[in-house]
Each structure stands twice: as C-alpha cells, then as structure tokens.
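Architecture and fold: a report
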Amino acid sequence: MGCCESTFLKAHDSVDKNRHHHHQHNHHNRQNNHPTQPSNGTDAAAADGAELGSEGVPAFSEFSLADLKAATNNFSSDFIVSESGEKAPNVVYKGRLQNGNNNRRWIAVKKFTKVAWPDPKQFADEAWGVGKLRHKRLANLIGYCCDGDERLLVAEFMPNDTLAKHLFHWENQTIEWAMRLRVALYIAEALDYCSSEGRPLYHDLNAYRVLFDENGDPRLSCFGLMKNSRDGKSYSTNLAYTPPEYLRNGRVTPESVIFSFGTVLLDLLSGKHIPPSHALDMIRGKNIILLMDSHLEGNFSSEEATVVFDLASRCLQYEPRERPNTNDLVSTLAPLQNRPEVPSYVMLGIQKQEEAPPTPQHPLSPMGDACSRMDLTAIHQILVMTHYKDDEGTNELSFQEWTQQMRDMLEARKRGDVAFREKDFRTAIDCYSQFIDVGTMVSPTVYARRSLCHLMCEQPDAALRDAMQAQCVYPDWSTAFYMQAVALAKLDMHKDAADMLKEAASLEEKRQRGGRGS
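Residues numbered from 1 in each chain as written. Predicted model: local features only at pLDDT ≥ 70, side-chain atom pairs only at ≥ 80, totals over all residues. Heavy atoms only, no water.

As named in an unreviewed UniProt entry, the protein chain is Kinase family protein, taken from Melia azedarach.

Observations concerning the overall build of the protein chain
Short version of the rule: Strands are runs of DSSP state E lasting at least two residues, helices are runs of H or I lasting at least four, and both sets are numbered from the N terminus onward. For the exposure calls, accessible area comes from a 1.4 Å probe over protein chains only, and a residue counts as buried if that area is under 20% of its type's maximum, exposed if over 50%, partly exposed in between. The protein chains shown are the only cover counted for residues, whose accessible areas, like all others here, come from Shrake-Rupley with a 1.4 Å probe.
Check the secondary structure of the protein chain and you find 20 helices and 11 strands. A total of 518 residues make up the protein chain; the buried ones form 50% of that total. As displayed, the protein chain has an accessible area near 24500 Å², and 47% of this comes from carbon and sulfur atoms.

Let's talk about helix H19 (residues 478-490)
The line we're drawing: Multiplying 1.5 Å by the residue count of a helix minus one yields the expected span of that helix.
Between the first and last C-alpha of H19 there are 19 Å, a value that for 13 residues agrees with the 18 Å anticipated at 1.5 Å per step. Of all 13 residues that make up H19, 12 are buried, and the element is covered over most of its length. Of the positions making up H19, those classed as buried are Ser-478, Thr-479, Ala-480, Phe-481, Tyr-482, Met-483, Gln-484, Ala-485, Val-486, Ala-487, Leu-488 and Ala-489. At the C-terminal side of H19, Asp-492 shows a positive phi close to 65°.

Considerations on the packing of aromatic side chains
To keep things clear, this is the line we draw: Think of it this way: a Phe, Tyr or Trp ring, Trp meaning its six-membered ring, pairs with another when their centres are within 6.5 Å, and the plane angle makes it stacked under 30 degrees, edge-to-face over 60, tilted otherwise. In this analysis the charged atom, NZ for Lys or CZ for Arg, is taken to sit over a ring once it is within 6 Å of the ring centre and within 35 degrees of the ring normal.
Considering all chains together, one arrives at 11 aromatic pairs under this definition. Between Trp-177 and Phe-300 the ring centres are 5.9 Å apart and the planes differ by 55°, which places this aromatic pair in the tilted class. Here Trp-177 is found in helix H5 (residues 177-196), whereas its partner Phe-300 is found in the loop between helix H9 (288-291) and helix H10 (302-315), with 123 residues between them in sequence. Here the two residues Trp-177 and Phe-300 agree in accessibility, since each one is buried. An aromatic cluster is defined as three or more aromatic residues linked by ring pairs; in this entry it consists of Phe-60, Trp-128 and Tyr-144. In this structure, Arg-137 is placed above the aromatic ring of Tyr-186, and the distance from its NZ or CZ to the ring centre is 3.5 Å.

Examining the sheet that holds strand S10 (residues 210-212)
Within a sheet, neighbouring strands are paired by backbone hydrogen bonds and run either parallel or antiparallel to one another. Note the threshold: Note: two strands are recorded as paired if DSSP finds a minimum of 2 bridges between them. Two residues form a contact once any of their heavy atoms are found within 4.5 Å. Every angle, taken between N-to-C directions, lies between 0 and 180 degrees, and every axis is a line fitted to C-alpha atoms, over only the stretch in contact when it is a helix.
Sheet architecture is open: 3 strands sit in the order S7-S11-S10, paired in mixed fashion. Here the strands that pair on one side only, and so sit at the sheet edges, are strand S7 (138-139) and S10. Sheet topology places S7 next to strand S11 (residues 218-221); 2 bridges connect them, and they run parallel. In the sheet register, Leu-138 faces S11, and the bridge partner there is Leu-220. Contacts from H5 reach S7, S10 and S11 within the one sheet, and its direction differs from that of S11 by about 40°.

Some points on the packing of helix H18 (residues 460-473) against H19
Heads up, the rule is: Orientation categories follow fixed angle ranges, with anything under 35 degrees roughly parallel, anything over 145 roughly antiparallel, 65 to 115 roughly perpendicular, and all other angles oblique. Should the near helix be turned counterclockwise from the far one by less than a right angle, the crossing is left-handed, whereas a clockwise turn marks it as right-handed. Here the term charged refers only to Asp, Glu, Lys and Arg, the term nonpolar to Ala, Val, Leu, Ile, Met, Phe, Trp, Tyr, Cys and Pro, and the term polar to all other amino acids, Gly among them.
It is at 8 Å that the axes of H18 and H19 come closest, and there the two elements cross at 160°. Judged by the angle between their axes, H18 and H19 are roughly antiparallel. Crossing of H18 over H19 shows left-handed handedness. Mapping the contact onto sequence places Pro-460, Ala-463, Leu-464, Ala-467, Met-468, Ala-470 and Gln-471 in H18 and Ala-480, Phe-481, Met-483, Gln-484, Ala-487, Leu-488 and Lys-490 in H19. Across the contact of H18 with H19, the residue classes break down as 11 nonpolar, 2 polar and 1 charged.

Regarding helix H16 (residues 425-438)
The α-helix advances 3.6 residues per turn, and as a result positions three or four apart in sequence lie on the same side. A rise of 1.5 Å per residue sets the reference length of H16, with its 14 residues, at 20 Å; its end C-alpha atoms lie 20 Å apart and thus fit the reference within 8%. Within the sequence span of H16, burial applies to Phe-425, Ala-428, Ile-429, Cys-431, Tyr-432, Ser-433, Phe-435 and Ile-436.

A look at unusual backbone geometry
Positive phi values are uncommon outside glycine, yet Asn-73 reaches one of about 55°. Along the chain, the position of Asn-73 falls in the loop between helix H2 (65-71) and strand S4 (80-83). Of note in this structure, Asp-204 is not a glycine but carries a positive phi near 65°. With respect to the element layout, Asp-204 can be found in the loop between H5 and S10.

As for the side chain of Asp-417
Residue placement: Asp-417 occurs in helix H15 (residues 399-421). With residues up to four places along the chain from it excluded, the contact list for Asp-417 reads Tyr-388, Tyr-432 and Arg-449.

A short note on the state of the cysteines
Between two cysteines, a covalent bond joining their sulfur atoms is known as a disulfide. For clarity, the threshold we go by: Only a pair of cysteine sulfur atoms within 2.5 Å qualifies as a disulfide here.
Applying the stated criterion to the full structure yields 0 disulfides. Cys-194 provides the cysteine sulfur closest to Cys-222, a residue in no disulfide bond, and the two sulfurs are 9.4 Å apart.

Take a look at the structure:
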C-alpha cells in the first residue's frame, strides 16, 4: 500500500525514470420539443444516471449556474483559457464538474453577456440546435445555462491548446507535414458533418478554433457554430481575412465558411497568418516554395503541397459560387494522408493525456476533493485547519531528549508554521527542514506541510519524497497518500496518481467506519 521504508529509494528512482521517459517523448433535460439524441456520430446510452454516447459524450442538457460556478471556482480568472477582446467580448473558462453523474468531467465554459443574447429563449433554442450534433471531429457542446443575466455554453474541454498556439507561438516545436495534412482533413470532416446535419454556418473559422484533444487529435470548437451574439458580428479577425461577401452584406453563408477554411490552409502551409490576397498573388506567381513554412526545413512533399495550395486558392476565390463545397474538401485531402498509423500526439511531440480517474463510489472528503482537483490553495487551507491532531502517538520521547533538544526544535517548527500560514513557502521549507534534521521528534504533519510547500515552489520530486516519508511515519494516514497523488500528477504520472487517490479515499472510508486515519 503506497511507497515506504525499503521501497522509498526504489520508488523515487522509478519516478526519475518515468520523468526522463516523458521528457523524451444538476441537470434538467429540456422538454421534448428539443430532442437530445445525437443525430450522427455517437449513440446515446444511459450510464450512472447520466446519458453518455459511445464516445463518452453526455447528452445535451441544461446546467444550473451553481454547477458552473463550482466547476470554475466562481469563474476565477485563474481558470480563463481564452479571451477575445472587444471584437468578441466572450470569455472561455476551463472547469471541472463536481456532479458525480458526469464523472468529474473537465469542461470548457463560454460566457456571454446579456447584451449579446437579451432573449434567453432565443439563446436556448440556438444552443439546443448546436447541442444535437455529436461527432469525433468536434469539441461537442454538452449544455448551456440561462440564469438572470448569465448566458453560458458548456463544451468538452480540449487540453492540448489551439492550432494557432502550435503554429505561431511555439518557436521550439514544429508541426510536421503529415500532421498538418491530418489537421486539414479532420477540420474538413467536421465541417462536412455539420453541413450534412443542417448546420453549415461556422462563424469566424480560424486557427484559434482548432483544438487538440487528449490524444492530440484536432477538433473543431463547437462555439463557432453559434454567433458571438444574436445580432452581433460573426467575424472578429482582421478584415483582410474576412470573406469579401461578408464585407458587402454582413451575412455568413456556407461559401463564407469555405473561404475561412482556405485561410486555415494557408496557416498550415506557411506557419504564418498571411493575408489571403498576398498569398494568392504569390500562388499565381508560382512562388509556392517561398510561402512554405521554413521551419519544415524542406521535409514535405512538393506534390502534396501543390495540391493543398490549389485547394486553398479555390477556397479563396472572390466569387462564392466558384469555391468548393465541404465534400470536395474531404475528397481532396483524404488521399494525402500518409501516416495514418502514427498517433497524433506522437506527431505533435506531446505526451498523451491520461483519462480522468473515475469518481469513487463514496463521496470524497474535502481533502480528497482538493487533491483530485490539484487545488493547492484548498489543500493549504485544510492543512492549516487540521494543525497537528494526526501526530498524536507518533512520538515517545525520554525526559532527557525533551530537555536537551526540544526547545530549539519546537521553535523551528513554530517558525515554519507561521511561514506556512502566511504562505511564505520557501521560509517554511527551511524551518521545517531544521525541525526534521534534528531527528528527535518525527511528525507526519510536518512532512505533509513541507510536501505542499515543495509543490507550491514547483518541486514535485521533493514533494513526493516528503509525502512518502509521511506515510512511513504513519502508514495508514490518508493525507500522506493524497499528497503523493498530487505530486505524482504534477510529475505527469497520471495513472499512478489515480491509483494513489483511490487508495487514500479507501483509507478515509475505513476511518469513517472506526479506524485511525485522516
């Protein structure tokens, strides 16, 4: 159970090896006038009281504002993952549902203003229309909330950032050519599916709308299937990238979406956000090689690049009727796929994300909940409140030991406690280290507190060592296991973290039935 005594160094060596390896490589369903069954892609099924599709996507439903506040820590600025500015004043938060039926699912929450959607029924109707869609190439919409002035959309959370970040902002990492072709095909497939389901309009398609899931596979954000507002602009990008017909009449058409897809193709080809008019001039002048992303260093097929440039040129035609349709996009891009057996996360050069551990059958304690969310601030508050009540019985000292060394040692611990409460974590580490190094008195709580201090200082290896030592002192102490779970998660050892979290919760359950532990 856990890692202790003779296994301590062995376990730590294992952590180091794993790190090296990783571095190398309350829902209420709406009435029947809004069907919740997906029309394609996944089939709905009941699971633990919540309807889940075969891909694990829940049926679309209405969320309470309380649910979403809990998921996003009251819409904390720390949870913001996207802000679009004045032209699209809608903020996107990440969050984690606390409702057991949703298996503590990670979500993305887009927050609109009441001014954007003054009529809640119109907002809800539009959301339900998008919520019917279910496809593996979409970051699917799973719910909405209308409460007072609040208008919110809830979607699947994609953990591996946007295409724009990977192309434009990660200077030391280049997306290889085969992956760029995969991105183009998958987004074309998403658009073709939406079109076939009667939702052909996508507002402001650009590289920021392409997200990467836990497997590194590209997905199209469902948020673009709804306008930024009832009457507002559908494009927030520079006018140079806006379909010419939209500039004339302010209306988005299926052909406008194809134009925007052409700009995404240019991004994939060039690694830069080039105005379409400039790119078309270069294409007509046969300067295709000059347009290619220099970071590829020539590692691409000229024939394939020519096909993609030709497709981009057709998408960017001034006259909408001269542009291809979504089926044409798929049929052109599908034959270019040349590494189908290689997982996307490998081609992106990222680590595959582990699935979130299932929610234990019994409810988590405040400590367990904080650790499962890796909420270090909440863990700190709990450890401050718990004080040293769990240290009882872990020390039996002689009178001589008390008189010789206790005063200085307890003074060091006291200074550490003050620094810990005041969140001066580096000072707390120093003071707790003085207490531990004397060795006269052993405190599992001090190890747990120092473990958290190390986490706060971005030192997960040291944090794991301290949590393991706390377990050695107090083998059945759930807090020691919880702290190991957080440290393992910080080290990207997600399966081990999930196992440790489960073991900690089991110890707590035993304690509630009469055993010793916390």
